[in-house]
Structure formats: C-alpha cells, structure tokens
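Close look at the chain arrangement
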2 protein chains.
Amino acid sequence: MAEYKAPLRDIQFVLDEVFKADELWSSMAATSEVNMELANAIFEEGARLCEGELFPLNRSGDEEECQYNDGVVTTPSGFKEAYATYAESGWVGLSGDVNYGGQGMPKMLTVMFEEMLYASNTSFALYPALTAGACLSLLTHGSEDLKQTYLPPMYEGRWSGSMCLTEPHCGTDLGIMKTKAVPKGDGSYDITGTKIFITGGEHDLNENIIHLVLAKLPDAPAGPKGISLFLVPKIMVNDDGSLGDRNAVRCGSIEHKMGIKASATCVMNFDGATGYLIGEENRGLAAMFTMMNYERLSIGLQGIGLGEVSYQSARAYALDRIQSRAPTGAVNPDQAADPIIVHPDVRRMLLTQRAYNEGGRAFAAYVGMWLDVAKGSDDAEQKKTAEAMVALLTPVAKAYFTDRGLDATILGQQVFGGHGYVREWGMEQFVRDARIAQIYEGTNGIQALDLMGRKVVANGGESFRLFRAEVESFLAECSGLDEEVSMLKRALEQLSEATDYVVSQAAEDRNAIGAASCDYLNLFGLTAYGYMWLKMLKATQGQEGDFYAGKQATANFFFKRLLPESQAYFAKVMAGSEPLMNIPAEHF
Amino acid sequence: MAEYKAPLRDIQFVLDEVFKADELWSSMAATSEVNMELANAIFEEGARLCEGELFPLNRSGDEEECQYNDGVVTTPSGFKEAYATYAESGWVGLSGDVNYGGQGMPKMLTVMFEEMLYASNTSFALYPALTAGACLSLLTHGSEDLKQTYLPPMYEGRWSGSMCLTEPHCGTDLGIMKTKAVPKGDGSYDITGTKIFITGGEHDLNENIIHLVLAKLPDAPAGPKGISLFLVPKIMVNDDGSLGDRNAVRCGSIEHKMGIKASATCVMNFDGATGYLIGEENRGLAAMFTMMNYERLSIGLQGIGLGEVSYQSARAYALDRIQSRAPTGAVNPDQAADPIIVHPDVRRMLLTQRAYNEGGRAFAAYVGMWLDVAKGSDDAEQKKTAEAMVALLTPVAKAYFTDRGLDATILGQQVFGGHGYVREWGMEQFVRDARIAQIYEGTNGIQALDLMGRKVVANGGESFRLFRAEVESFLAECSGLDEEVSMLKRALEQLSEATDYVVSQAAEDRNAIGAASCDYLNLFGLTAYGYMWLKMLKATQGQEGDFYAGKQATANFFFKRLLPESQAYFAKVMAGSEPLMNIPAEHF
C-alpha cells in the first residue's frame, strides 16, 4: 500500500545546510523574523496535517470523485471537515500579505509545505493553491478597496479563489477569447461568457468563491492586448463584508478526468455576472503574469510531491516484497526468497525516483529563494538579477519537475509489478494525478517555448549567462569532487553551446525556437539538477551517518547514470528544425 | 475525439515492399498457400471488424467495466455480440493449426491483425489473445486426445482459454508457488490453490473456459523445476465433446484497475478442480515457454496498436484545432488562428509517435518472420539461426514496443492539451490501457534480464553477433544513404561495445547483468528500430508520392532526433553496477 511521511530531514538539509536559509532570511526586512526554528515548527505541524488528515482522504477521494448536481458540486467525504481544519489552522494565508491577515512566509519555505500537500493529496491541495494564486493577483493589482474586502476572508479560508482563463476554443491562445465585460456605469461590469477547466470553480468547502476572470471590453483591441481581469464573487459581498445575493455565475458541469478526481474541474457560465476590474483595462494578461511565476512553481511541486510519495511507497514495498534471490546469493536464507531491493534493476528505479525528487526539492528551494530576493531585496542590482533568474528558471522548474514527476510515479508503479496496476494499492493514482501537471498552468511545451523564446533568445542568452556564471563560480569553489565537477562542467558546456546555437539560428529560422525548445528545456533541467546535486554533495563533505551516506550514494547515481542523458538532448537540439519542418502537413 | 483506421497501406508496405513476404511464404511448405493477395483480403476484412465493431465499444467498455457478481463476470454492453461476430468469422483460429480447424496463418501476417485488434479495443483483444496462447501450449505439449477434444472448439471461439500462473505471493518467481495437484488415480488430477491476475479467467462471452494452470505435484522438487502444467476446464467436457457439470473452479473477484477495464482480471479459486496434465510432470515451465515467445510478441503489439490509434487521433486533432499563429506567419489568415500542426513542437510529438509506431510495426514483422522460419524452415542451419534470433529479439520486442507505446500514448494525449486529460476525448484511456503492457507477461525489467542474461551473456554474445552480422551485411548493401548508414553503424558499434563490456563484466560481477539490463535493452531496441528505418528508407528509394515522402521524412526525423538517444543508453550501461549497488538497503 502507498505510504507517506513528510521528508522533514531532507527539507531541513536543503534549507539549512545547502542554502543557509537563516542567513538569507535575516538579510531582508520582509523575512527578518523567519528562521529555521520557526520553519521547522511549521513543517512539523504541516506534516501532522498532511500525514494525519489529508493523505488518508487521498484514495477515497479518488474513488468517490466530486459529484455535480444542478449547479452544486459536492466534494468527497471528509474533504469539508479536513478543509475546515486546514483553514482554521491558518494554512491558506501562509504566504499571504501580513497587512491583510496573511502570515507572510517566504516562498523558499512555503514550497516545502506545498510539496507535502501535493504528496499527500493533490486534489485537496489545488483548492488552497488556486486561492493563493487569486490572492496574489488581487494583492498586486487590485484596488485598496477590493483588497480590504476580499483578501482577509480569503486568507482565512472562509472564501476560496478560482482563476478563469480558458474557453472551449482557446487555451494557449488567450487572445481569441470571447467572454465579454460591459461597464454598468457604476464602476462594475457585466460579465458574460463560458469558461472551462476551472479548478475549484464550484465546491462545498466554504461559503464563497472569488473568481478572477479574463474578459474583453466592448472596445478592446484584438488579441492578447485587449484582455482585462475582473473579480467576480460567487455570492455578492455587502459593504459590511457580509454575504448578499447569488451573483449570475453558475457551474454548468464538471469534467470526468483521468485523475485529480476529487478536484472539481468546472465549466463556469457567467450570465451577466457582476464583476470588478482588477488593475487597468486591457492589462489583464499582465496582471495574470504576476502570479504565474508563483503558480507555475507551485504546480511544478505537484510533480515532486507525487514523485516523493511514490518513491516512499515503492521503497517500502521493495524492502518487504520477497521474490527470487539476489544475484550474489541469498541474503534471506531462512525465507523462500529475498526482498526485491537486492536486484540492481529495482535499485535503478528507486534511485532514479529519488534523484529526481531530491534534485527537484533543492531546485524548488533555489527558485523560491530567487522569488524571495526579487520581492524582498533592497539592492536594485540584486533585485534585477533575481528577477531575471526567476523568469529564466520558472518554466524549467514547472516543466522539468512535472515531466520527471510523471517518470518517477511510473517507476514507483513498476516496482509494484501487477499490484501497481490495481487501484487499491494506490500507485496508479499517483501516475494519473501527476499527468495533469504536465498539461495545466501552460503545457510543458508552452513552458519550453517561454524558456527558449522569451527567456533565452529574446535577450540573446543574457539571462542564461547569469546562470552559467553562477554555476561556474560554484564549480571553482568545489574541492575533492573532481569527477562530478568535470561531469557538470561538460553538461554546462553543452547547454552553453546549445544556447549559442539556437540564439544564432533563431535570427534566420523562425522555427528554430520551437524546434529546440523541449529538448533544450530538458538539457537545462538536467544541468540544473546537476548543479543542485553538486551543491548537496558539497554540503555532505565531512559529514557522517546514514542520511549523508544515502545522499552521497544518490548523488553518485545521478552523475553516473542520469546526467549522461545530456548528450542525447544536446544532439537533438543541434539537429535543428529541418527534421521537423521538412514534411508538409498532409504527409502526416 | 479518438479515431482509428487500420493502417493498411503501411502494413502492405512492410510485408510486401520491405520484407518481400511472398518470397518467404512460397519458400516454406507450411505457408506455401499464403500470399499478399490473401493477406490483403484478410487485413481488409479485419479492418472492417476492428473499425466498425470493436473500436466503437472501446470507450463505452472503459466506462462500464466488467462487473462481478457472485462468481459471474459480465462484460460491458456489446462485447458478447461483438465476440460472437468475431468468433463466427473465424478470427480466433487465425493462427491455429490446420489439423484441428485452425487457419494456419503465419505470425508475420497475424501480428498485423493483432496490432489492429489492440488499437481498436485492447480489452476485447485480450480474450482471443489468451485463447491463442493457451491453444499454442496445448498444441505443442498436449496429448492427442486433449488436442482433439479441446482445440477445435477453442479455435472456433466457442470456448476460451486462460493462463493461470501468478499467485498472491509469487509473480516473477514462479518457483515458490503453492497451488497443488494431486493425482486422482484415473489419469486426472485434483487442483487446489488460488491464482491471481488471470486475464479472462471468467466472463460471459461464450460457453466454456479452458484454464491452463501451473501447479506442483505432492512429491515435486522445490523451485521452478517442480512445476507442472494442467488443463482445467470451467465446465467438464463429456466424451462426445458436449458440456457436462461445472468443475470446482470459481472466480472469487475481479480487480479494479488503472485501465483495460473491460478485460476481466480474475482471482481464480481452484478447490479440488479436475485437471489433466499437459506434457510431462515437472516440465510445466518448459511447456509455458513454448507459447511465451508468441505471447510476448503479441503483448508487445499492444504498445504499437495503442501508439497508432493515439497518433491517428492526435494527427487529426492537430490538423483541426486552431490556436496561435505559425512562427513563420499566418497560414490560415481567414481564421482567428492556425492549426496547431504548424508548430515545430507539435510536430516533434507527432513524428516521435509515428517513428515509434512504424519502426515497431516493421520490427514486429521481422520478429514474426523469424518465428515463422523457426517453425517452418526445412533447413536445419537456418532453423537454428531463426530460433536464436527469436530468443534474442522477443524480449526486445515486448519491452521496447510497450515502453515506446506508453511514450507514444502520452505524447498523443499531450497534443490534445487539457482535452487530453478529459475522459470523453478518449486519449487518456490509451495511456491507461498501454501501461499494463509494460507490466504483464513478464515485466519489462524481467524482459531486460532475460535479454541480457539468458540471451546475451549466457552465450557470450554469440546470438548478438548473428544479429550484428545481419545488420552489417545490410549496411553494406545500402547506397545513396550514407548519412543514415553511418549513424546506424555508430549505434551498432555502441551496442557491440556494450555487449562485450557486460559479457566481460559478468564474469567477475554478478550484479553486472541486472545493472546493465534495462539500458542495454533500450540501446538494442533503438538500434533495431534504426535497422528497420534504414530498411524502410531503402524500400522507398526511387519511389514517388505522398506515402513515400512521408515515410522518408519520418525516417529522417528518426535518425536525427531519436537515434542520438543511443549515446545516453550507452553511457549508462558503461557506468556499471557500482552506482546501483554501492548503497546498503537501509540507506534508501
């Protein structure tokens, strides 16, 4: 059966020993009161909640699914009670702004809690995750009035949030959306249109849902520059903050999906619903982009969390399940067979999972750190660097975490053999739940285009060179790790060469970016994980004990058995666009 | 929505133009009456059945699932009627022995029909596939009496077959099974025990089910050499072939699974059931191995079939769905956006699917050819070569087809974006249905061990050298394909070097085989697909028209964008066992 314990020791290792979080936090005003002691207390409390309340509802939630009946969505048994506990303990506002009742915790800290949440119950995790995203857009772009009315009850968890972007005919290409917003003359707008794939668009967890809706004004310019963002409450809010009448927004149906079945994915019909403008007219996409780096990193964590719970379950099974003998002779002579963890190929699967999860966890902390610096630093130069790094690394994190997350859940399922395919064992649900993370919040193909086009080619590789310089300076600091240093150096050289190649190709071939994007992102992600593994390995130098020995062995596996994949990605990037474009559409 | 047309043109290309099937068939007595004209007629008839009867039941079968009630299993609506049509048209006995009412078609032909079956409805396909496997074991090892009684009604489809191997505590390690067989003194045996994961162990498609059951005699030696094979009918058969009383075998429950939900996966309880020995006592595993090469190839085809239906659906969607503009400027200026097939990254996904499917289809024909030669050749030397090739190539086919099949279905789902995750579109079912093929009929890890250990290291690489010599002699025949020839040569050299390395390592390191196995199999599979793609490319030389142009473009994509993966697999094999074994179990 599946099992899960929050990886507290590893989280502490990453934050404290690898990234020296205390030093960073004390250096910035916004986080000066945060330290590892507080962080550990939060993680322990969070672990109790995730292990004790949310993980036990994961399988049953998958079996029961959300139910739809005439506009009403009912979440599976236990979700409402668990959500009440979650909200009452203040978790919804963990990263929220302190001026509106949030707890102001840095992203570098909250990514660790988010990973636990996704690991224990991805469907459940999405309700507060969407709320946090909506709060962030509102906080950054909303009027003071809107913020004072809506943020406190959202941080308290009394009200949830949803993000309404996609329409039946447009997902990636939001410029062609049809939802209309007509000014009513009193400062509010009439919103009319249909949105699909709205996570948490309707549910029974709490008393109100605040929809953030993209729509077009009557006179809006065509394309993405004609989109505005509106706040549309499910239930209207009176001046005193109490709830009023139902607004004209209604859930038309919910999707039946491959996974995340306890997360309500809604069709939302806005039929002249009252909405309030967030930010400026026609600047809705910009307002959305603010929260996107946070949301994309968060969705990436879904891949790590599901990889982690799958790994823990597979490890336990491999230690317990006996089948055949070790190649080197019986290790369990008193029993009919040996535990399957003796077999090299089972170890290959487990170590691959682990190398992805722990490499990803460190990279999440690293990206979280840059987000915190970008937000909190007083040093203009450092802030600028941090913003460039966030922009560069976020698409890598989202796509690479979730691609490797799917791989990890598939490997964990494989360790269970036939039992992995049977629902009651729980391993196949992790695969189904992980699969969506590669698709939503911008497909991983879109992440790759964003990285290759906007984040690399558009600035001639300048942001990439920031990253390269940082890795190079770290490589120079390492001693006693010659083999790993030279392996990472080689991968970094390939990534550099690939960067230069695409930057130069893109000037003459408009298909160069799209042709390279996906393999380039993989090459980047793998190199970045190499950087993380070297950082971790360095942090274990001079340390003793099982934890450090396991970490060193996993690093060794990563460098020798996973990093060589860089050669394949490099060759694919360097093949250019010709193999993709030299075939007319009708020959497919 | 998902769509499917049997790939008749490509099947014809592979059999007729690449492998010159007519020449082979006319050269052997057993197949002397088979020719491409007959084959095409069979494929057209088969396509009609698959497209018109079976594919329309695929989605509904997934939604309805098999139902269990007190020992009785009910298949989804329409399955019984479709099965009746299927059986009445003689499809069950397509590859059956002509002396018992089968149609005696060669494997090289039937693999193509099997692929269609899995593509249109994998759950349905498994009922006749298991019957065919049971028939083959019975045919090869059963007494004349048993064969005359059981084979004709099984070939007719009036009775089905099942293979009962796995028990709750043993799957891979059959040596530790507990099911007992006690001689009754009248030539029959009392069979008692529980078998799990029995595909088609119980259902309502026809009137009887013939179980082939592995069990141990009271005085059997321990381990795999103490296992015997028995035929256990669900309903006893009278001397005149009519049905008698129920036998003491009963379905205890069915599994709730990730996919293939319309295929009944049964727990079977044998409670002193009457069984008949097939072959010799304690030689049951050998009797099983006979059918295994056929069954493993067949299960491999599940990966190709599902990859194909996923590709066809994704291609249609990519031509139809409009979203954003082509990087080189609008191709659809009258509409709001361009079809997504203009995007290089969408093409990457489609071409990857296609390269896997078509490479796999050719490889299936190739392995089928060796199976036919091994069975039908009069030339002792050729027969011996063929047997070695079958043994070598079968685990590659099973594992590589199904691993790449899963990849292909995931890519096809990704092309659909969010719609790919929604059940009604059908794309996510292909992923769920494909996943089992990597697990059952020997997990792909077991296939890799079989390849690396028994088929390569055990004979010091001799079988591999047969394969290498064949590829090398083909390379020497190619002209005008210098770039592809040199790329394939390089992959073949890596595979040779990897072979030599593991053969030599295995002499001193007992973990060497398991450590290399999975990456070695991937390197082998990729190189074998390279061989197939070069064969196909050669067959297109001098040809004109869309079909050949599309084939050439896909070959180009394969060589430039997929074959470079060989570098990563090679590096992983050459890393040896240390990164896997240098960590005690308790450090995981």
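Our subject is the structure that appears above.
Calculation notes
- Per chain, residue numbering runs from 1 following the sequence as it is written.
- Whichever chain is written first is A, and whichever ligand is written first is 1; the rest continue in order.
- The predicted origin of the model limits local features to residues at a pLDDT of at least 70 and limits the giving and counting of side-chain atom pairs to 80 or more, whereas totals for whole chains, interfaces and linings rest on all residues.
- Computation of side-chain values covers all heavy atoms of the structure but excludes hydrogens and water.
- Here the nonpolar core consists of buried residues drawn from Ala, Val, Leu, Ile, Met, Phe, Trp, Tyr and Cys, with membership extended through side-chain atoms lying within 4.5 Å.
- Partly exposed residues are those whose accessible area sits between 20% and 50% of the maximum for their type, while under 20% is buried and over 50% is exposed, using a 1.4 Å probe and protein chains only.
- By definition, residues are in contact when any of their heavy atoms lie within 4.5 Å.
- We superpose the copies by least squares over the C-alpha atoms of residues that have a pLDDT of at least 70 in both of them.
- We define a salt bridge as a contact between a side-chain nitrogen of Lys or Arg and a carboxyl oxygen of Asp or Glu at a distance within 4 Å.
- A run of H or I in DSSP becomes a helix once it reaches four residues, and a run of E becomes a strand once it reaches two; helices and strands are each numbered from the N terminus.
- Put simply, two rings from Phe, Tyr or Trp (the six-membered ring, in Trp's case) pair if the centres are within 6.5 Å, and we call them stacked under 30 degrees between planes, edge-to-face over 60, tilted for the rest.
- Whether a charge sits over a ring depends on NZ of Lys or CZ of Arg being within 6 Å of the ring centre and within 35 degrees of the ring normal.

We now examine the nonpolar core. By size, the foremost hydrophobic cluster in this structure holds 419 residues, and its most contacted members are A:Phe363, A:Tyr366, A:Phe467, B:Phe363, B:Tyr366 and B:Phe467. The contact partners of B:Phe363, leaving out residues within four places of it in the chain, are B:Leu393, B:Val396, B:Ala397, B:Phe401, B:Ala528, B:Tyr529 and B:Met532.

Here the focus is the relation of the copies chain B and chain A. Mapping chain B onto chain A is achieved by rotating through 180 degrees and translating by 0.0 Å along the same axis, at an RMSD of 0.0 Å. This pairing of chains is accounted for by a two-fold axis. When the interface residues of chain B are mapped onto chain A, 100% of them are again interface residues, pointing to one common binding face.

This model, assessed by the stated rule, comprises 64 salt bridges over all chains. Residues A:Glu63 and A:Arg423 are paired through a salt bridge, measuring 2.9 Å at the closest nitrogen-oxygen approach. You can see A:Glu63 sitting in helix α4 (residues 58-64) and its partner A:Arg423 sitting in the loop between α10 (380-415) and α11 (427-435), a full 360 residues away along the chain. Among the residues examined, A:Glu63 registers a relative accessible area of 41% and is labelled partly exposed. We classify A:Arg423 as buried; its relative accessible area is 8%. B:Arg404 is the salt-bridge partner of B:Asp407, the closest N and O atoms lying 2.8 Å from each other.

Turning to unusual backbone geometry, a few remarks are in order. Phi is positive for A:Asn282, close to 65 degrees, though the residue is something other than glycine. Inspection of the secondary structure puts A:Asn282 in the loop between β11 (265-278) and α8 (284-320).

Looking now at the packing of aromatic side chains. Enumeration according to the criterion identifies 60 aromatic pairs over all chains in this entry. Centre to centre, the rings of A:Phe363 and A:Tyr529 are 6.2 Å apart; their planes meet at 55 degrees, and the pair counts as tilted. In this pair, A:Phe363 sits in helix α9 (residues 344-376) while A:Tyr529 sits in helix α15 (residues 512-540), placing the two residues 166 residues apart along the sequence. One exposure class covers both A:Phe363 and A:Tyr529, and it is buried. Ring geometry for B:Tyr366 and B:Trp370: centres 6.2 Å apart, planes at 80 degrees, overall edge-to-face. On the criterion of helical spacing, the pair formed by B:Tyr366 and B:Trp370 is a turn pair, its members being four residues apart in helix α9 (residues 344-376). A relative accessible area of 1% means that B:Tyr366 is categorised as buried. On the basis of relative accessibility, which here comes to 11%, the residue B:Trp370 falls in the buried class. Positioned above the aromatic ring of B:Phe547 is the side chain of B:Arg9, whose terminal nitrogen or guanidinium carbon lies 4.2 Å from the ring centre.

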